[in-house]
Structures are given as structure tokens and as C-alpha cells.
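Summary of structural features
Take a look at the letters that make up each chain.
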Protein chains: 2
Amino acid sequence: MNVFKELSLVLIFILGFFQEPVKGRMVQQLTALTRPHPEEAAAFARWLVCQSSWGVLSTIANDLGGTPFGNVVSFSDGQPDKGSGIPYFYLTALDPTARYALKDQRSSFTISEYPIGTCGSKDPENPSCAKTTLIGKLKLLDGNSKEAEFAQNALFVKHPEMKDWPKDHNFQFFGLEIHDIFLINWFGGPKPLTVEQYLQAPMNVTFSTDD
Amino acid sequence: MNVFKELSLVLIFILGFFQEPVKGRMVQQLTALTRPHPEEAAAFARWLVCQSSWGVLSTIANDLGGTPFGNVVSFSDGQPDKGSGIPYFYLTALDPTARYALKDQRSSFTISEYPIGTCGSKDPENPSCAKTTLIGKLKLLDGNSKEAEFAQNALFVKHPEMKDWPKDHNFQFFGLEIHDIFLINWFGGPKPLTVEQYLQAPMNVTFSTDD
């Protein structure tokens, strides 16, 4: 029995050791949804957005000749198992992305499946390792609106440290008004997907295997 | 001794089991460089680019009202322990990013430290979890040039599956001509960093702990 006790203690140590970096990259993933079949374009896009905690938000750099400027940002589209499909952000005008958006709302938000860890050993550019780009307008939310309250709750539950970010940096809540959706999750080019189909898609919620 | 043999076999199995998904996300990381001190802006940016295998490439969507369009792409800036600092890409005009770049070269390439796994449990938007955006022009390389040969060798060693991608998709090699660099790797705003400082930065090469 002592041998088995020692064995289990060693295993617990090793499990913890190798899970930590994974959790480090998935600190936001409080739940897990089942990966939809790639043919289920709308559900798949909603799954990818709900399972992700960060992406690249692209705006127009008016001070750099109108060059598209991508910036790494955290986001949330809702509570962990109840994504709305709309990405919300907590940005400060000390950062160029918010400044650019306040002058020109044209924007897109890009997410890769690769960091989630469900692409296995596929290359990040392999079409079967999904990617989506939500195209539209990045809008500052009215701080007193219901949507801003939703955004705050959605962001702070997935990004707990945000509530402690410096008050004097004047972080504000932004949301992406989606006009077009680009989704590649298999071979054969982008999936046809309307904003309405995306927003109305059901999500298959299951219990997390990480809990 | 048998007990220890069994123990080591179990450990080997568990190590393999938990390393696989991590390797799956870092299939390109054939070597490891030491993370420079955040104050070493140029060396840090070169480290981040050299250690990364993918990012988001933003171009201007002429068919979507000039909206900035970010797309997930793989890249390489050289051999695993000999990054040049210049990101090279293997793109097809079947994908909008290459089509847009061929009409308007204004582009930026954005990389996050988060998926590398060195941010621990910090939020992806935390300034101490580094992010860089290389701003410039995305240029198609002359297929017969030395630079295209360098790009092919750099890409295929980090992305082995690329050499087997469908020939009839007409993938071509592109490179980013860098005009400006945006780097955040600590608190206090973007680090001042010129393209010359970036390209001339030394990189601290060490042996990988993953080998």
C-alpha cells in the first residue's frame, strides 16, 4: 500500500506540474463546450468565440498612413457557458486601438483555435485548425447602459484581474457590432455564415473535464 | 527494482500524455531562447518573433469598405535558433489576405506571448504578457530570389506540413517590410524601438529544455 501511496503522490505532483502551464494559457476557461462538427458553421463559430479569451483587434492607424493595426486584447462574449456571440472589450485610450476606434469604428476581431489546444499537431494555418474574423464596427458602450453592465460581468468573470486594473487609466467597455463573419474550420474555403445565423446558433453545453 | 521500473513506466506514460497537447501547440518550437529582460526592447521583440509560429496578419479589405481584416497565419523569421526578425509567410490568393495585399500592401503582423506559455497565469491583455505589432508593407517575393529561398527554408523547417500543401492552390512566399514596431512587454506603455535597433538586436541562444 505504501508503494501505491507513493506512486499516487508522485502522479499527483506530475499531473499538477504539467497541467499548470496549460491552465496558465487557459486561465479564463471556466467551462468547456463540445467542439461542434465543422459543417455546423454557426455553432462552430459561436463555440470558438465562447471558448477563447483573447484575440487580435484590428483598427485603422490614422497616424500611420491608414495602415491596419492589429493589437492583442482580451475579450468576453458572456458568462463562461452562456456566450452571446458579441465580443466585448475593456480598453483604455492610452492604448492606440481604443484611440483609433474612437476616430474610425471600422474594425475586425480575429480568433484562432490553435491556442485553445484542440488543433492537436496541425499547423495553425491548416484550414482544419479553425480561425474566425468578426468584421464590423468597434463601439464604445454607454457606461450606464445595460449592455455595459453585461460586458463588465462577462469580462470580469473570465478576466478576474481586470477589476483591479488602474482606475486612472480610464478603461472603458467596447463592443463589436458585427457586420460580416469570416470562418474557416475545414478545407474548401470560408463557410457561408450570416450574422443572423451566427447570433441565433445554439451552443452545446457540457460539463468541463477540467473542473 | 520492479516497483521502480513500474513507477518509471507509469511516469513515462503520464509525461507523454501531458506533453502531447503542449507540443501540439508548440510543434514549431524546435529550440528555446532565453526570454530577455523587458528593458532589452529590441532583443525582447526579436525573441518574441523567433519563438512564435503564428500570428494575425492585418490587411485592408477593399471589398468590405476598407475595413482592416485580420487573418490567422503561420510564419517564420528564419531557422529555429537564427531568426532574422523579418516575418515570412506562405499564402495563396485563394485566401483574402494575399488578395488584399496584392492590391494594397499596407499591413501589420501581430504576435502575443500568451500562447508561447511564458505569461504564466497573467491575463493576455496584461502589459507584462508581451505583445508586438510589426507595421509595414506585405510584399510578394520573387519566386526565384534568394529571399524567397530563405523564406521557404525558414517556413518549411518550422511548418513541415507546408511542403505538402496542394500545389494547385499556388501558395507563394510573402515578406513583411517593417516600417514601425509596436512593443508592449511591461507596464508604462509601448517601448521605444526603431526598426534598425530591432534588426540589429542580438539573440541569446541557449539549448532547449524540451529536446
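Keep in mind the model is a prediction, meaning the values are calculated, not measured.

1. Observations concerning the pattern of salt bridges
Residue and element names in this part refer to chain A. Considering all chains together, one arrives at ten salt bridges over all chains under this definition. Of the charged contacts, one joins Glu149 and Lys146 as a salt bridge, the two residues approaching to 3.9 Å between their closest N and O atoms. Note that Glu149 and Lys146 are positioned in helix H4 (residues 146-158) at a spacing of three residues, about one turn of the helix. Classification of Lys146 by relative accessible area gives exposed; the value is 69%.

2. Section: helix H2 (residues 41-51) of chain B
Along an α-helix, a turn takes 3.6 residues, which lines up residues three or four apart on a common side. For H2 of chain B, the tally of buried residues reaches eleven of eleven residues, placing the bulk of the element in the interior. The set of residues buried in H2 of chain B consists of Ala41, Ala42, Ala43, Phe44, Ala45, Arg46, Trp47, Leu48, Val49, Cys50 and Gln51 of chain B.

3. A few points about the pairing of strand E4 (residues 76-79) of chain A
All names here are of chain A. One ladder, built from three bridges, connects E4 with strand E5 (residues 82-91); its direction is antiparallel. Counted as the bridge partner of Gly78 is Gly83 from E5. Hairpin geometry of E4 and E5 is characterised by an intervening segment of two residues between the two adjacent antiparallel strands.

4. Thoughts on the sheet that holds strand E8 (residues 172-184) of chain B
All names here are of chain B. Strands sit in the order E3-E2-E6-E7-E8-E5-E4 across an open sheet of seven strands; the sheet is antiparallel. Edge strands, defined here as strands with exactly one partner in the open sheet, are strand E3 (67-74) and strand E4 (76-79). For this sheet the average axis-to-axis angle between neighbouring strands, irrespective of direction, equals 40 degrees. Where H2 meets the sheet, it contacts E4, strand E5 (82-91), strand E6 (106-112), strand E7 (131-140) and E8, and its direction lies at approximately 40 degrees from that of E5.

5. Examining the state of the cysteines
Residue and element names in this part refer to chain A. Across all of its chains, the model carries two disulfides over all chains by this definition. A sulfur-sulfur distance of 2.1 Å marks the disulfide that ties Cys119 to Cys129. Judged by the torsion about the S-S bond (90 degrees), the Cys119/Cys129 disulfide is right-handed. Of the two residues, Cys119 is situated in the loop between strand E6 (106-112) and strand E7 (131-140) and Cys129 in the loop between E6 and E7; the sequence distance between them amounts to ten residues. Like Cys119, the residue Cys129 is buried in the burial classification. The closest cysteine sulfur to the non-disulfide-bonded Cys50 is located on Cys119, 17 Å from its own sulfur.

6. Overview of the packing of aromatic side chains
Across all of its chains, the model carries 29 aromatic pairs over all chains by this definition. With centroids separated by 4.9 Å and ring planes inclined at 80 degrees, the aromatic side chains of Phe89 of chain B and Phe109 of chain B adopt a geometry described as edge-to-face. Pair noted here: Phe89 of chain B is in strand E5 and Phe109 of chain B is in strand E6, with a separation of 20 residues, a long-range link. Under the relative-accessibility criterion, Phe89 of chain B is labelled buried at 0%. Both rings, one in Tyr90 of chain B and one in Phe171 of chain B, keep their centres 5.0 Å apart while their planes meet at 25 degrees; by these two values the pair is stacked. Of the two residues, Tyr90 of chain B sits in strand E5 while Phe171 of chain B sits in the loop between helix H4 (146-158) and E8, which places them 81 residues apart along the sequence. Of the two residues examined, Tyr90 of chain B and Phe171 of chain B, each falls in the buried class. Clustering of aromatic rings is evident, with ring pairs tying together Tyr90, Phe156, Trp165, Phe171 and Phe173 of chain A. Lying across the ring of Tyr198 of chain A, Arg46 of chain A places its NZ or CZ 5.7 Å from the centre.

7. Quick word on the confidence of the model for chain A
Residue and element names in this part refer to chain A. Per-chain confidence: chain A averages 86 in pLDDT, with 81% of residues scoring 70 or above. Low pLDDT, under 50, characterises residues 7-31; the predicted model gives this stretch 48 contacts beyond four residues in sequence or across chains. Here residues 205-211 scores under 50 on pLDDT; set against residues more than four positions off or in separate chains, the count is eleven contacts. The ipTM assigned to the predicted complex is 0.84, against a pTM of 0.84.

8. Re the UniProt feature "domain: CREG-like beta-barrel" (unreviewed entry) in chain A
When the UniProt feature table is mapped to this numbering, "domain: CREG-like beta-barrel" (unreviewed entry) covers residues 36-199 of chain A. In residues 36-199 of chain A, helix accounts for 23% and strand for 37%; the two terminal C-alpha atoms are 15 Å from one another.

9. A word on the sheet that holds E7 of chain A
Residues and elements named next belong to chain A. The strand order E3-E2-E6-E7-E8-E5-E4 describes an open sheet built from seven strands, whose pairing is antiparallel. Single-partner strands in this sheet number two, and they are strand E3 (67-74) and E4. Across the sheet, the axes of successive neighbouring strands diverge by a mean angle of 40 degrees, strand direction being ignored. With seven bridges connecting them, E6 and E7 associate as antiparallel partners. Paired with Ser112 across the two strands is Lys131, which belongs to E7. Its contacts with the sheet place helix H2 (residues 41-51) against E4, E5, E6, E7 and strand E8 (172-184), and it is angled at close to 40 degrees to E5.

Conventions and cut-offs
- Residues numbered from 1 in each chain as written.
- Chains lettered and ligands numbered in written order.
- Predicted model: local features only at pLDDT ≥ 70, side-chain atom pairs only at ≥ 80, totals over all residues.
- Heavy atoms only, no water.
- Salt bridge = Lys/Arg side-chain N within 4 Å of Asp/Glu carboxyl O.
- Helix = DSSP H or I, 4+ residues; strand = E, 2+ residues; numbered from the N terminus.
- Buried < 20%, exposed > 50% of the residue type's maximum accessible area, 1.4 Å probe, protein only.
- Pairing = 2+ DSSP bridges.
- Axes fitted to C-alpha atoms, helices over the stretch in contact; angles between N-to-C directions.
- Contact = heavy atoms within 4.5 Å.
- Disulfide = S-S within 2.5 Å.
- Phe/Tyr/Trp six-rings, centres within 6.5 Å; stacked < 30°, edge-to-face > 60°.
- Lys NZ or Arg CZ within 6 Å of the ring centre and 35° of its normal.
- pLDDT = per-residue confidence, 0-100.
- UniProt positions renumbered as here; feature names shortened; annotations may be inferred.

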